[in-house]
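The chain contents come next:
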Amino acid sequence: MTMFQNLHRSLDQGQTLKIQCEACDHLATLTAADAKARCGADATPMDIRRRARCRGCGAEGRVRVWI
Ligand SMILES: [Zn+2]
């Protein structure tokens, strides 16, 4: 599990961003392009965590984020 500053600096082509719900363990894996398109290239882990909404159970702001 790697902490990072923001997507632009840390997520290279071919890498994926993992977002896992702390409530139900639903795991979403985004490609670098998808993650930057959806979250913004300057998004930090805190930004993503705050905005994320689980597609499994609907919980908001309760996710783990890593590359
Ligand atoms: Zn969930």
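Scroll up to find the structure.
Values in this document were obtained by computation on a predicted structure and should not be read as measured data.

**Student:** It is not clear to me how the overall build of the protein should be interpreted in this structure. Could you clarify?
**Tutor:** Helices and strands together make up the secondary structure of the protein, namely three helices and three strands. When the helices and strands of the protein are read in sequence order from the N terminus, they spell out α-β-β-α-α-β. Expected size for 67 residues packed as a compact globule is a radius of gyration near 11 Å; at 11 Å, the protein falls within 12% of this value. Once the C-alpha set of the protein is aligned to its principal axes, its extents read approximately 30 × 20 × 20 Å. Expressed as a percentage of its 67 residues, the buried residues of the protein come to 21%. A fraction of 64% describes how many contacts in the protein between residues 6 or more apart in sequence connect residues 24 or more apart.

**Student:** Explain the nonpolar core here, please?
**Tutor:** One broad trend across soluble globular proteins is that nonpolar side chains are buried collectively. Residues Ile19, Ile48 and Val63 are the most contacted members of the largest nonpolar core, which totals 13 residues. Mapped onto this core, the elements with two or more residues apiece are β1 (16-21), α2 (32-39) and β3 (63-66). If we skip the residues at most four places from it in the chain, Ile19 touches Ala28, Ile48, Ala52, Val63 and Val65.

**Student:** Help me out: how do you make sense of the pairing of strand β2 (residues 27-31) in this one?
**Tutor:** As a general feature of sheets, a regular strand has side chains that alternate between the two faces. By the bridge criterion, five bridges tie β1 to β2 in an arrangement that is antiparallel. Opposite Ile19, over in β2, you have Ala28 as the bridge partner. Connecting β1 to the next strand, β2, in antiparallel fashion are five residues, including Asp25 with a positive phi near 70 degrees.

**Student:** Can you help me understand the sheet that holds β1 in this one?
**Tutor:** Paired through their backbone hydrogen bonds, the strands of a sheet run either parallel or antiparallel. As summarised here, the arrangement of the three strands in space is β2-β1-β3, forming an open sheet in which the pairing is antiparallel. Every interior strand has two partners, whereas the edge strands, β2 and β3, have only one. Strand-to-strand twist in this sheet, taken as the mean axis angle between neighbours without regard to direction, amounts to 15 degrees. Its contacts with the sheet place α2 against β1 and β2, and it is angled at close to 100 degrees to β2.

**Student:** So what exactly am I meant to see when it comes to unusual backbone geometry here?
**Tutor:** Peptide bonds are trans in most cases, and residues, glycine excluded, mostly fall at negative phi. Positioned with a positive phi, Asp25 is a non-glycine residue whose angle comes to about 70 degrees. Looking at the element boundaries, Asp25 is found in the loop between β1 and β2.

Here is what the cut-offs are and how they apply
- Residues numbered from 1 in each chain as written.
- Predicted model: local features only at pLDDT ≥ 70, side-chain atom pairs only at ≥ 80, totals over all residues.
- Helix = DSSP H or I, 4+ residues; strand = E, 2+ residues; numbered from the N terminus.
- Rg over C-alpha atoms; globule rule 2.2 N^0.38 Å.
- Buried ≥ 20, exposed ≤ 12 C-beta atoms within 10 Å, placed from the backbone.
- Contact = placed C-beta atoms within 7 Å.
- Core = buried A, V, L, I, M, F, W, Y, C linked by C-beta atoms within 7 Å.
- Pairing = 2+ DSSP bridges.
- Axes fitted to C-alpha atoms, helices over the stretch in contact; angles between N-to-C directions.

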